Amino acid sequence: MKALIADDDVFVRKCMKQMIPWSDLGFSEVLTAENGTQALKCSLSQMPDLVISDVKMPGLTGLELVEKLKDSMTDVCMIILSEYSDFSFVQEALQAGVQDYILKPINHEKLVEITQKIRRLTAELEKNSFYGSGPAGRENIRNLLQRMLETGDAREACQFFEQMIRSDVPSAGRKSFGMKFLEILFEEASSSPLRQPILEEEKSRVLQTYSAQKSISGLISLVQEECRYLAGTESRPSENSVDYAALIDEYIEDHFTDPDLSVSSISDWLHLSPVYTGTIYKQRRGKSIISRIHVVRMRHARELLLESNENVAMISQKVGYVTPDYFSRLFSTTFGMTPSSYRAAILRKRREKDQKGFHA
């Protein structure tokens, strides 16, 4: 199991990492983050089983982190560290999905308390089928993947994963199960002929791609491709196996009215970095995401000008531009005339066409 400690106080991070008997509690790795944004990114890529987070952090607060993680990691256990002792705060934290909370400051007694709470939470984790002895248990998966890597035959592993995702694993836990399946796969593959730096690069690529998957078929396809690749029966899966450009185009079409639509908001949705998101889109489409947003908005603006009687300011807001002057400048650059002039010209042509039809 993995744990993540998120706190902007370096003393708290070091103290908990060094003083809590993590290995005795069943944890093989303890990660740290110095702010909420870093904690979210680390959680989505590493999928820890337990997150201990301070409430007051730069980037994202502890409660904001809880809300975002609960959307993506339904089976993660969370403990909140707080200086607040009032009941209303505790109630809010528990309602957000926190399993427990610890009041600061951190001292020896609090470390004992945290250890006891972690022990209780790990006992609950053990009840989860993934940690038990059933088909979805860690050891069963490990044995399955060991056979795959020894024989070079990935068919059994691929069939097993698809069966678990489609039928046996509860829908809320599918993505977490898949992430843990991949982690075991890379643990077992570490003893394979692949050199360690290459394997680490491959793991980083796959986990990042996996985090961005939105469909069951996408999860299954990605994991099966990686099984076949590491078993030696298939070449390295293409980085373009996930069509991010198509996902981005679809997202823009669905959200062009949002004035906050940006590369950053799209990359947050994909769980990728803004730079990477912008780069892969430009590679596939030959243009930037921002230019695509403007194209979609201009197309809808033109339709509204022709099909409604709304004024320019209203249309500007409807297609996602807060400032009508900015909208008018972009429209003029795109179509060679202002929105009002464009509407007048089209209406004039329509009248002329109607008059010719009437006289004919």
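Residues numbered from 1 in each chain as written. Predicted model: local features only at pLDDT ≥ 70, side-chain atom pairs only at ≥ 80, totals over all residues. Heavy atoms only, no water.

A. Layout of the packing of helix 11 (residues 244–255) against helix 13 (residues 274–285). Close contact between helix 11 and helix 13 brings their axes to 9 Å; oriented N to C, the two are set at 100 degrees. The pairing of helix 11 with helix 13 is recorded here as roughly perpendicular in orientation. Contacts between helix 11 and helix 13 involve Tyr-244, Ala-245, Ala-246, Ile-248 and Asp-249 from the first element and Thr-277, Ile-280, Tyr-281, Arg-284 and Arg-285 from the second. (Axes fitted to C-alpha atoms, helices over the stretch in contact; angles between N-to-C directions. Helix = DSSP H or I, 4+ residues; strand = E, 2+ residues; numbered from the N terminus. Parallel < 35°, antiparallel > 145°, perpendicular 65-115°, else oblique. Contact = heavy atoms within 4.5 Å.)

B. Focus on the sheet that holds strand 2 (residues 29–33). As summarised here, the arrangement of the five strands in space is 2-1-3-4-5, forming an open sheet in which the pairing is parallel. Only two strands of the sheet have a single partner each, and these edge strands are strand 2 and strand 5 (100–103). In this sheet, adjacent strand axes meet at a mean angle of 15 degrees when their direction is disregarded. Taken together, the five bridges between strand 3 (residues 50–54) and strand 4 (residues 77–82) define a ladder with parallel strand orientation. Opposite Ile-52, over in strand 4, you have Ile-79 as the bridge partner. Of the strands in this sheet, strand 1 (2–6), strand 2, strand 3 and strand 4 touch helix 1 (residues 10–19), which is tilted by about 175 degrees from strand 2. (Pairing = 2+ DSSP bridges.)

C. Molecular detail of the nonpolar core. Counting 33 residues, the largest nonpolar core has Leu-145, Met-148, Phe-177, Phe-181 and Cys-227 as the members making the most contacts within it. Only helix 6 (138–151), helix 7 (155–168), helix 8 (174–189), helix 9 (196–211) and helix 10 (216–231) provide two or more residues apiece to this core. Residues within four places of Met-148 in sequence aside, it is in contact with Asp-153, Ala-154, Ala-157, Leu-185, Cys-227 and Ala-231. With 28 residues, the next largest nonpolar core counts Ala-245, Ile-252, Val-319 and Phe-331 among its residues. (Core = buried A, V, L, I, M, F, W, Y, C linked by side-chain atoms within 4.5 Å. Buried < 20%, exposed > 50% of the residue type's maximum accessible area, 1.4 Å probe, protein only.)

D. Region of the structure containing the pattern of salt bridges. One pass over the structure, following the stated rule, counts 15 salt bridges. In this structure, the salt-bridge partner of Asp-54 is Lys-104, at a minimum N-O distance of 3.3 Å. Placement of the pair is Asp-54 in strand 3 and Lys-104 in the loop between strand 5 and helix 5 (108–127), with a sequence separation of 50 residues. Considered together, Asp-54 and Lys-104 belong to a single accessibility category, that of buried residues. Where salt bridges share partners, they join Asp-249, Glu-253, Arg-285, Arg-292 and Arg-299 into one cluster. (Salt bridge = Lys/Arg side-chain N within 4 Å of Asp/Glu carboxyl O.)

E. Just the packing of aromatic side chains, in detail. Under the defined criterion, the tally for this structure stands at 12 aromatic pairs. Between Phe-331 and Phe-335, the ring centres sit 4.6 Å apart and the planes meet at 45 degrees, which makes this aromatic pair tilted. Remark: Phe-335 and Phe-331 occur in helix 16 (residues 324–335); sequence separation between them is four residues, near one turn of the helix. With relative accessibility at 0%, the residue Phe-331 sits in the buried group. A ring pair is formed by Phe-331 and Tyr-342, whose centres lie 5.4 Å apart and whose planes are at 80 degrees; its orientation type is edge-to-face. Within this pair, whereas Phe-331 is found in helix 16, its partner Tyr-342 is found in helix 17 (residues 339–359), the two being separated by 11 residues in sequence. For the residue pair Phe-331 and Tyr-342, the accessibility class agrees, reading buried in each case. By way of ring pairs, the aromatic residues Tyr-321, Tyr-326, Phe-327, Phe-331, Phe-335 and Tyr-342 are connected into one cluster. Lying across the ring of Tyr-321, Arg-297 places its NZ or CZ 4.9 Å from the centre. (Phe/Tyr/Trp six-rings, centres within 6.5 Å; stacked < 30°, edge-to-face > 60°. Lys NZ or Arg CZ within 6 Å of the ring centre and 35° of its normal.)

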